[in-house]
Each structure stands twice: as C-alpha cells, then as structure tokens.
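# Coordinates in review
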Amino acid sequence: MKMKNAFLFLILAILSTLPARAEIRVDADFPGGNVLVDSIDQEANVVCARPDLRDTRSDYFYFNFRVTGAENRTVTFKFQTKGSSFGPVGPNVSTDGGKTWHYLGEKDFLDSGKIFPADQHEFTWTFGPEDSDVRFAFCMPYTQANWDEFIAQYRTREDVRFETLCRSRSDKHDVELFRLPFLGQEKPRFYLVFTARHHACEASASPVMEGVIQFCLSDAPEAQWLRQNAEIIFVPFMDKDGVENGDQGKNRNPHDHNRDYVQELYPSVKAFKALILKETEGLPIVFMDLHAPGSRGETYYSHGPIGMEQMNVIWNRFREKLAENQKDGVLKYDPKQDVPGKSEGHNSIRSFTGKNGDLCSSRVWMQGLPNVYFANCMEFGYCLCGHAILTPESGRELGRNVMKSLAEILEEDFAKE
Ligand SMILES: [Zn+2]
C-alpha cells in the first residue's frame, strides 16, 4: 500500500512540473474576420465551425478566422455549411498573421490539376511549435489595410487625389474615393468609373482593381492618353462596413448594396449616385463594376449589356482585345464564359430590379443614364480564376490588361473626335 501511494505521489509530482497545455482558441476579432464556432474539443483536437451569415438571406460561404494556442497539435476543422464549404483549392492558410497565404489544395492542384472535393466539409492542419497565430479563410482576404498598403506607393504623386465619398452607414469608416483627375486642356472627353465590393466578401475583385489603377498610372502610351482625356475615379469598397466587419454582404436583408440603386439605404450608394449625376453631366460615362461569382467558380467572365445594341458592339470589341492582351497572362481568359444579356433569367434586367421593380443594381442604373457609353460588370473567381490560382500579382496582371483593353477602345473611339 505504501509503495502504491508513493508511486501516485511521484506521478502527481511529475505532472505538476509540466506546463499546462494551452487551449485552442478560435476568433474573428480583426478586420474582415468571420466565423461561428459551434464547439472545440480540446482533447480530440476537433473544431466545429461555420460561416457567420449575420443578415444574409441565403446560405453563404465566406469565413476568415484565427487560431491561437494550438502549437504542436494536429487539429481537424469540421465545417457545417449547407453548400460547399471550401473553394476549388480548399481553404486558404496564413501562418504570418494574414500577410501571405496559400491554399491547402494548392500543391495537389499545381502538381496534378486535382480539385478540392465540393462535398468535403473538413480539413486538418498540423500546427508547428512556432504557429501561435494561424489564419484560415475561404479566399484571399482583402480589407482597408491591403488597400492602404497598395496605395501608399502613390501617396506622393501630385497627379492623384485621395478623397472620401462619404462616411459608412455605421459612421465608423470612411468610404474611400481615389481620383485620377483629368490632366488635359479644357474638359475631359469622357468619365471613367470603377467600383468594387458592392458585395463585401467578393475579395477577388480587389487585386484586379489594383491592376487597373497600376495601368492608369503607368507610362504606357494608352495610359498617358487616358490621363489627357478622361476623369477617372475608383471606389474600392462600396460596402466598407461589410468589408471591415467580415460580412458576406451578398443577399443582405432587406437587400444588398448592389440592389440599392432605387431605395438608397446605404450612404455610399446615395453618395455615389449623387456624385455621378453631378460630375458627369454631358460626358460619356464608362463604368465597370467588379464582383466574384459562386464559391466553386474557377474562371472569370463579363456580364454582357442587356437590351443595348450599341453597347453590345463595344462589349464584343472589349472581349476581343482582352483575349489578345491577356493571352500570355497567368489567368487565362475564355470569352465563351461571358454571359450575354438576356430577356429572362440570369443577366436579364428583371434579375437586377426585383419582382416589384423597386430594386436596381449599379450597372442597370448606370446604363439607364442618357450619357452612358459603356457599362459593364465582371466576376472574378475567388480562388481559381481562369483555371489558375488568383494571387495578388496574377489578379493585378489581369486588371492591367482589362484596363489596357478598355483604353484601346476608348482611344479608337474618342481620339478622332
Ligand atoms: Zn457580387
């Protein structure tokens, strides 16, 4: 008996000298963060989680969370999403606090073209001894911090303007407006407008917008010509609150930012409409709104004009030029993926204006203006885009070529006037 007690005492003494094991913690308490945690089993190393839908009226898939206290553990994350939980290359992982990312299924995809199964709702990650902060996200997150980092290179230029469109609805954030003022004599020949993130979670649109800006501020002859002939504005985050809060943003209740062009629930939409009406009077408008498609989309495409024959001609020229300009690009363009305007169903006027006609998207509002020249909307796959991985650099390359293609058309049409 004495021996047994002594043995027990020894075991307890050894255990008391071991450091207590940290607990796995999961949170989304940072810009763009999103997760709902159902349970964490600290013994079995299993986390059950799902996207936080908040005011989204449909099932959706954006998540972006941080795991701490899991060093030296192999943890399984079980997701409970009704549709596919992850994109075609699996969840995106960052081990440096969100600076750089790679997809869990990236190696498989690059080695053999293998796609992460649409019906796989869990993944496992082994945390190294230094992995004190690991992020997991549906896609490549992009918030104001990314924008600030990108735009910093232009802060000292005298030919650009950093403006504020308005305060966000929460009054917590400025909605940025980046302007490239007309540099020519008298008045511009046209007005060029780019918007992104009407749907907050559609982060793949943002590196493309960066590329558009890079092209406009480059030494390319078409860019020089643009600056001498156009006023150009960019609104990088139409739903700024949603981007910073990590909302889905698509299908918000009662409607999202890209159905708000009649009711103007959101200050950014109201201010944007007022700005366009005030500044473009008598000037042809060229508008492009940047989006992302469904969770498993592997490509990118343009929504063709609806019921506007003249604009269809421009659209087809744009597609031809993009095919040429992007032919050596990482993200391959397939014009067959583009969606022409239709009289019913997807990409019909009715699909953007609601049953009662009391809703309206940005593009449909824009194409109803008497001075519209070309109004377009493009969708860029979240993870795979043109059947290749969308990275900050491949997205920017595509953006530069989108802008080059548009600039070539504008130069052909407006230079001779
Ligand atoms: Zn969208």
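Notes on the structure follow. The structure displayed is predicted, hence computed values, not measured ones. (Residues numbered from 1 in each chain as written. Predicted model: local features only at pLDDT ≥ 70, side-chain atom pairs only at ≥ 80, totals over all residues. Heavy atoms only, no water.)

## Remarks on the nonpolar core
Phe77, Phe136, Leu226, Phe234, Phe272, Ile276 and Met403 are the most contacted members of the largest nonpolar core, which has 118 residues in total. It is helix H11 (residues 392-414) that contributes the most residues to this core, eight residues altogether. A domain-level breakdown of this core finds at least three residues from each of domain 1 (25-137) and domain 2 (144-414). Not counting residues up to four positions away in its chain, the partners in contact with Phe272 are Leu165, Val193, Thr195, Ile233, Val235, Met238, Tyr261, Phe287 and Met366. (Core = buried A, V, L, I, M, F, W, Y, C linked by side-chain atoms within 4.5 Å. Buried < 20%, exposed > 50% of the residue type's maximum accessible area, 1.4 Å probe, protein only. Helix = DSSP H or I, 4+ residues; strand = E, 2+ residues; numbered from the N terminus. Domains from an automatic or database assignment. Contact = heavy atoms within 4.5 Å.)

## Considerations on the sheet that holds strand S2 (residues 36-41)
A sheet is described by the order of its strands in space; here four strands give the open sequence S2-S3-S5-S8, paired in mixed fashion. Because the sheet does not close on itself, it has two edges, and the strands there are S2 and strand S8 (122-126). Each strand of the sheet is rotated relative to its neighbour by a mean of 20°, with strand direction disregarded. (Pairing = 2+ DSSP bridges. Axes fitted to C-alpha atoms, helices over the stretch in contact; angles between N-to-C directions.)

## A short note on the coordination of the zinc ion
The coordination sphere of the zinc ion contains the protein donors His199 (ND1), Glu202 (OE), Glu202 (OE) and His291 (ND1), at a distance range of 2.0 to 2.5 Å. In this structure, the zinc ion is coordinated by four donor atoms arranged in irregular fashion, with angles at the metal of 56 to 147°. For the zinc ion, the donor residues sit on a single chain with the sequence spacing H-x2-E-x88-H. One end of the pair, Glu202, is in the loop between strand S12 (190-196) and helix H4 (205-216); the other, His291, is in strand S14 (residues 285-291), with 89 residues separating them in the sequence. (Donors = N, O, S within 2.8 Å, 3.2 Å for Na, K, Ca; no water. Tetrahedral: all angles 85-135°; square planar, octahedral: opposite > 155°, others 65-115°.)

## Some words on the side chain of His199
In this fold, His199 is placed in the loop between S12 and H4. On the basis of relative accessible area, His199 is assigned to the buried category, the value being 3%. The contact partners of His199, leaving out residues within four places of it in the chain, are Gln248, Gly249, Lys250, Asp256, Asn258 and His291.

## As for the pairing of strand S13 (residues 230-235)
For S13, the buried fraction is high: six of the six residues fall into the buried class. The side-chain alternation of S13 yields two buried faces, one formed by Ala230, Ile232 and Phe234 and the other by Glu231, Ile233 and Val235. Here S12 pairs with S13 via six bridges, running parallel. Within S13, the residue paired with Val193 across the bridge is Ile233.

## A word on the packing of aromatic side chains
Applying the stated criterion across every chain, the model contains 38 aromatic pairs. Each ring, one from Tyr261 and one from Trp365, has its centre 5.8 Å from the other, and the planes form 40°; the classification is tilted. Here Tyr261, found in the loop between helix H6 (240-245) and helix H7 (267-279), pairs with Trp365, found in helix H10 (residues 362-367); they are 104 residues apart in sequence, far enough to count as distant. No difference in accessibility class separates Tyr261 from Trp365, as the two residues are buried. Its end group placed over the ring of Phe30, Arg135 keeps NZ or CZ at 4.3 Å from the ring centre. Arg319 extends its terminal NZ or CZ atom over the ring of Trp315, reaching a point 4.2 Å from the ring centre. (Phe/Tyr/Trp six-rings, centres within 6.5 Å; stacked < 30°, edge-to-face > 60°. Lys NZ or Arg CZ within 6 Å of the ring centre and 35° of its normal.)

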